[in-house]
Amino acid sequence: MKRKTMWFWVIVLLLVGGIVYGLSFWQTSSGVKPPLPTVTVGSVTAEVKQSTYCWSNGDEAVCEEHALPEADDLQLVTVEPGAAIDVTFHETPKRETFHRIIDGELVASEQVVPMEPGTYLFETGGEWQHGDSRYVFGIEVEE
């Protein structure tokens, strides 16, 4: 009888521990996150990934820091050389930035695809009432 009681309590403790762990994960994975912009390069829509941000919904604020990506971290889209890069945010930012990522560094850039073939990574972002956010995307220009 003692053995059955012991197993009962072990199972109860595991269940309670699992529920507590699940709830703590649910609370820390809140929905406080900035919306992704739409990036169109010529006639192609690029996949945009969330990068570093601090965002608030009034009751809760969340900050996440991300390293600058490598080409393997992003889904590249093939685009035409010289195409315009159009970034459409969920709302107009107070301040907007646009950079090319070169050798792990941010370099201010125009929103135009380079003419030379190659792989190019970009970072864009802005500041809004709810916080600031950065986004990354990559393109490939073929010969």
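A brief look at the structure comes next. (Residues numbered from 1 in each chain as written. Predicted model: local features only at pLDDT ≥ 70, side-chain atom pairs only at ≥ 80, totals over all residues. Heavy atoms only, no water.)

## Structural notes on the overall build of the protein chain
Argument step 1. Broken down by element type, the protein chain carries one helix and ten strands.
Argument step 2. Along its sequence from the N terminus, the protein chain presents helices and strands in the succession α-β-β-β-β-β-β-β-β-β-β.
Argument step 3. Buried residues in the protein chain amount to 31% of all 143 residues. (Helix = DSSP H or I, 4+ residues; strand = E, 2+ residues; numbered from the N terminus. Buried < 20%, exposed > 50% of the residue type's maximum accessible area, 1.4 Å probe, protein only.)

## Some thoughts on the state of the cysteines
By definition, a disulfide links two cysteine residues through a covalent bond between their sulfur atoms.
Argument step 1. With the rule as written, the count across this model stands at one disulfide.
Argument step 2. Each sulfur in the disulfide pair Cys54 and Cys63 lies 2.0 Å from the other. Handedness of the Cys54-Cys63 disulfide follows from its S-S torsion of about 120°: it is right-handed. (Disulfide = S-S within 2.5 Å.)

## Comments concerning the environment of Thr97
Argument step 1. With respect to the secondary-structure elements, Thr97 resides in strand 7 (residues 95-102).
Argument step 2. Separated by 37 residues in sequence, Thr97 and Arg134 have C-alpha atoms that sit 8.7 Å apart.
Argument step 3. For Thr97, the residues in contact, after removing those within four places along its chain, are Glu123, Thr124, Gly125 and Arg134. (Contact = heavy atoms within 4.5 Å.)

## Comments concerning the packing of aromatic side chains
Argument step 1. This structure, assessed with the given rule, holds six aromatic pairs.
Argument step 2. An angle of 65° between the planes, with centres 5.2 Å apart, marks the rings of Phe89 and Trp128 as edge-to-face. Separated by 39 residues along the polypeptide, Phe89 in the loop between strand 6 (85-88) and strand 7 and Trp128 in strand 9 (residues 118-128) bring together distant segments of the chain.
Argument step 3. Looking at Phe89, the relative accessible area reads 12%, which means it is buried.
Argument step 4. Here the aromatic rings of Phe98 and Phe137 are separated by 6.3 Å at their centres, their planes lie at 50°, and the arrangement is tilted. One end of the pair, Phe98, is in strand 7; the other, Phe137, is in strand 10 (residues 131-141), and 39 residues separate them in sequence. You'll find Phe98 and Phe137 in the same group, each marked buried.
Argument step 5. Grouped by ring-pair contacts, the aromatic residues Trp55, Phe89, Trp128 and Tyr135 constitute a single cluster. (Phe/Tyr/Trp six-rings, centres within 6.5 Å; stacked < 30°, edge-to-face > 60°.)

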